[in-house]
Amino acid sequence: IASMFKPIATASVMALICASVLTGCGSGTPKSGTMNTQPASDGCAAMDKVYVSALKESSTGKTFSSLPKDASPEVKQVSWQAFTVTLNTDYRAKFTKAAAKDKTAQAALSALGTYATLSAQISDGKLSEFADPTQAEADLKIGRTPTPNPTYVQAVNQLAEAGATLAKCMPHWPVAF
């Protein structure tokens, strides 16, 4: 049952992120467009440089940025999620140094941890989209809307908020989907 809902969950998360924090989502292709054109602070500018470096240097960044335009949404999501984990783990010390004592950048650093963790939990199916997956399957078969899982809804909202914080801080934070 969990695998049945994974594409729904991925599509739901991508749609929410697109609707709430990102622009240019209609094409479904990775882009480098962003909400803002200037870093929100000096710490954010330094974090943005770390982000750009990671995109060019890390294996997951190279994989994400080299995806073909016609890659499936699932492939894009998996690649992006892997890259955000790399950012949060392998580049965490560099982001921390870049954020220094800048409150705006520190908020973005915290948001990065939230974003990477929740993105992984949602993508991996660790959070069920529906309160009762068995009942949800039955509801879908008869055309009824299943009852959402409040924990999942909260996580998706937190993910969108974290994405917005990152996009406001770093101008190169991408329109991912």
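Residues numbered from 1 in each chain as written. Predicted model: local features only at pLDDT ≥ 70, side-chain atom pairs only at ≥ 80, totals over all residues. Heavy atoms only, no water.

S.K.: What exactly am I supposed to notice about the packing of helix α2 (residues 42-57) against helix α4 (residues 73-89) here?
M.R.: Two elements in contact, α2 and α4, have axes whose closest approach is 11 Å; the angle formed by their N-to-C orientations is 125°. Of the possible angle classes, the one that applies to α2 and α4 is oblique. Note on packing geometry: the crossing formed by α2 with α4 is right-handed. Contact residues: Tyr51, Ala54 and Leu55 in α2; Trp80, Phe83 and Leu87 in α4. Of the residues in the contact of α2 with α4, the class split is 6 nonpolar, no polar and no charged. (Axes fitted to C-alpha atoms, helices over the stretch in contact; angles between N-to-C directions. Helix = DSSP H or I, 4+ residues; strand = E, 2+ residues; numbered from the N terminus. Parallel < 35°, antiparallel > 145°, perpendicular 65-115°, else oblique. Left-handed = near helix turned anticlockwise from the far one by under 90°. Contact = heavy atoms within 4.5 Å. Nonpolar A, V, L, I, M, F, W, Y, C, P; charged D, E, K, R; others polar.)

S.K.: I keep staring at helix α7 (residues 133-141) and nothing clicks. Help me out?
M.R.: Side chains that are three or four residues apart share a direction in an α-helix, a result of its 3.6 residues per turn. Inspection of α7 places Ala136, Glu137 and Asp139 among the buried residues, and these make up the whole buried set. All buried residues of α7 project into a common sector of 165° when viewed along the axis, lining one side. Away from its buried face by more than 90 degrees, α7 exposes Thr134 and Lys141. With a side-chain oxygen positioned 3.1 Å from the backbone nitrogen of Thr134, the residue opening α7 is Asp132. Note on α7: the residue one or two positions beyond its end, Gly143, has a positive phi of about 85°. (Buried < 20%, exposed > 50% of the residue type's maximum accessible area, 1.4 Å probe, protein only. Arc of directions from axis to C-beta. Polar contact = N/O pair within 3.5 Å; in protein donor to acceptor, adjacent residues only side chain to side chain.)

S.K.: Mind showing me how you'd approach the nonpolar core here?
M.R.: The nonpolar side chains of soluble globular proteins are, as a tendency, buried together. One finds Met47, Tyr51, Leu87, Phe95, Leu166, Met170 and Trp173 to be the most contacted residues of the largest nonpolar core, which totals 34 residues. Of all elements in the fold, only α2, α4, α5 (92-99), α6 (103-123) and α8 (150-169) reach the threshold of two or more residues within this core. In this structure, Leu166 is in contact with Ala108, Ala111, Leu112, Tyr115 and Trp173, ignoring residues within four places of it in sequence. (Core = buried A, V, L, I, M, F, W, Y, C linked by side-chain atoms within 4.5 Å.)

By themselves, these are just geometric observations and shouldn't be taken as functional.
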